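# An overview of the molecular structure
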Amino acid sequence: MAALWWWWRWAAFAVVVAVVLGPVVPCKANLTLELFGDEFPNAVCNDGSSGGVYFKPAAPGGGHLWLLWLQGGGWCYDEKTCSDRWKTSKHLMSSKGWESSIAKTGIFSPDPKHSPLALANKAFLPYCTSDGHMGNRSASSETFGWQFRGQETVIAALKTLVSHGMKPGDTVVFGGSSAGGRGAMVTCDFLGDFLPTDNILCAPDSPYWIDMTPMPSTGFPGLAYTTKQVYTLANAQARAPASCKAMFPGEEWKCLFGFYRMPLLKRPFLMYASQSDAFQLAEDVGHKPTTSSELEYAAVFGNTTRSGVKGLLAQSSAPLRAVFSSNCFNHAVSETDLFFQSETVVHTSMAQALEQCLQHMPNVTSRPGAMPVTLDWVDTCVTFNCGPGCPGN
């Protein structure tokens, strides 16, 4: 009898909590793997296993919204780096160990307070091609036996979303993190070849590499060098438009490099770029900057990023050009809670920036000749990791 009394008391408490706080919203979205298989025979990983995409249909009220996000994870650019990658990160070169479902937060959050895409159809393209989602080359002795089919896996994912019911007039957010952000950047202007809608916002997170010489102590050849290598090794030329190649004769690899490519985007975009980017600084410095010379390098990097994104906004011909640039030591945080927690100096989160861009989308894409929209949320402090909205500051 006492147990029954306690059960009723707990049930009554749960009802009160539900009334006061409202329904509980899950923290993460659960997406299910759909392998490409025989329908897309060239959409394969480095080892030849089938690529695939994780998908979750829209919640009621979100059927007109779509999110396709490309996973990040570096790349390999010669025989040694590809061999080392296979030894340490096999999941980024093969689908054989992928889970049948995954749970995602950040931009994927199903909570409308955390993401403006809470109700949307959501797709996540796992990364297994080691080419920044840019390559299209079959395995041979010249590729050290690896397939580089990033372009094919992206195209397969796009066609899969169309098969799930995408319609003309729907709104698509197409982005990715790190290598996925660079893949989204170079694919963005080609999306009209594959999607039935033109209402597309490109949202690359951390694609904006700066062309700086690494500190000598690192031994790292530099991001420019690795990009040159991938341009040839993975046969990524098709993701460099003719107009871009004409701007950089003899240096066509720059069409894959954020600092040079982002100003040329024609579609509406929202770019996320940290002024204390943890990936590039770790590569160029060797670790988190701590010494005076390292902090000076980081400050130059931050100043170059800040002035670069301002110049990008001035140069761009896109109908909507937007930049979110905090000065935080992080990298590609769109898939984490920092997407809705971290803020810039103007007290805006990445989620809020995306929401503002989406509010402009129907106008900028459906009214040719309309005045372009420029939006920016850019930290102005000038030292390493100084953003007032960064965790711990």
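Described below are features of the structure shown in this document. (Residues numbered from 1 in each chain as written. Predicted model: local features only at pLDDT ≥ 70, side-chain atom pairs only at ≥ 80, totals over all residues. Heavy atoms only, no water.)

Another aspect to go through is the side chain of R85. Among the structural elements, R85 can be located in helix α2 (residues 79–88). Beyond its immediate chain neighbours, meaning those up to four positions away, R85 contacts G73, G74, W75, C76, K90, L92, M93, Y127 and S130. (Helix = DSSP H or I, 4+ residues; strand = E, 2+ residues; numbered from the N terminus. Contact = heavy atoms within 4.5 Å.)

Let's shift gears to the pattern of salt bridges. Close approach of charged atoms allows side chains of opposite charge to pair. Summed over all chains, the structure comprises 8 salt bridges. One salt bridge in this structure joins E142 and R137, with 2.5 Å as the shortest N-O distance. The exposure class assigned to E142 is exposed, which follows from its relative accessible area of 54%. In this structure, D376 and K310 form a salt bridge, with 3.0 Å as the shortest nitrogen-oxygen distance. (Salt bridge = Lys/Arg side-chain N within 4 Å of Asp/Glu carboxyl O. Buried < 20%, exposed > 50% of the residue type's maximum accessible area, 1.4 Å probe, protein only.)

This part is about the state of the cysteines. As enumerated under the stated definition, the model contains 6 disulfides in all. In this model, C244 is linked to C255 through a disulfide, with the two sulfur atoms separated by 2.1 Å. The sign of the S-S torsion, about -110°, decides the handedness of the disulfide formed by C244 and C255: left-handed. Of the two residues, C244 sits in helix α6 (residues 242–247) while C255 sits in the loop between α6 and α7 (258–261), which places them 11 residues apart along the sequence. (Disulfide = S-S within 2.5 Å.)

Turning our eyes to something else, we now look at the nonpolar core. Generally speaking, a soluble globular protein has its nonpolar side chains buried in company with each other. In terms of nonpolar packing, the biggest core is built from 53 residues, with M262, F269 and M271 touching the most fellow members. Residue assignment for this core shows that the elements contributing at least two residues are α4 (179–187), α5 (223–233), β8 (269–272), α8 (278–285) and α9 (292–315). Considering each element in turn, this core owes the most residues, 6 residues, to α9. Not counting the four nearest positions on each side in its chain, M271 is found in contact with P204, P207, Y208, M262, V309, L312, A322, V323 and F324. Within the second largest apolar cluster, 38 residues are counted, among which are W69, L201, F324 and V373. (Core = buried A, V, L, I, M, F, W, Y, C linked by side-chain atoms within 4.5 Å.)

To continue, consider the sheet that holds strand β1 (residues 29–35). Taken together, the 10 strands give an open sheet; going across it, the order is β4-β1-β2-β5-β3-β6-β7-β8-β9-β10, and neighbouring strands pair in mixed fashion. Strands at the two margins of the open sheet, each flanked by one partner only, are β4 (101–104) and β10 (373–378). With strand direction ignored, the average angle separating the axes of adjacent strands in the sheet is 20°. In terms of strand pairing, strand β2 (residues 52–56) meets strand β5 (residues 121–125) through 3 bridges, oriented antiparallel. Note on β5: the bridge partner recorded for Y54 is F124. (Pairing = 2+ DSSP bridges. Axes fitted to C-alpha atoms, helices over the stretch in contact; angles between N-to-C directions.)

Glancing now at α5. Of the residues making up α5, those classed as buried are L223, A224, T226, T227, V230, Y231 and L233. Lining the buried residues of α5 we find α6 and α8. Count one or two residues on from α5 and you reach N235, which has phi positive near 55°.

The subject of this paragraph is the pairing of strand β3 (residues 65–70). Summarising burial for β3: 6 of the 6 residues are buried, a large majority. Here β3 pairs with strand β6 (residues 171–177) via 6 bridges, running parallel. Bridging from a neighbouring strand, L65 pairs with T171 of β6. Of the strand pairs in this sheet, β3 and β5 are connected by 5 bridges, and their pairing is parallel. Along β5, the bridge assignment pairs W69 with F124.

Here we take up unusual backbone geometry. With a phi close to 65°, S206 is a non-glycine residue in the positive phi region. Along the polypeptide, S206 turns up in the loop between β7 (199–205) and α5. In this structure, N385 takes a positive phi of about 55° despite not being glycine. Tracing the backbone shows N385 in the segment after β10. With a relative accessible area of 22%, N385 lands in the partly exposed category.

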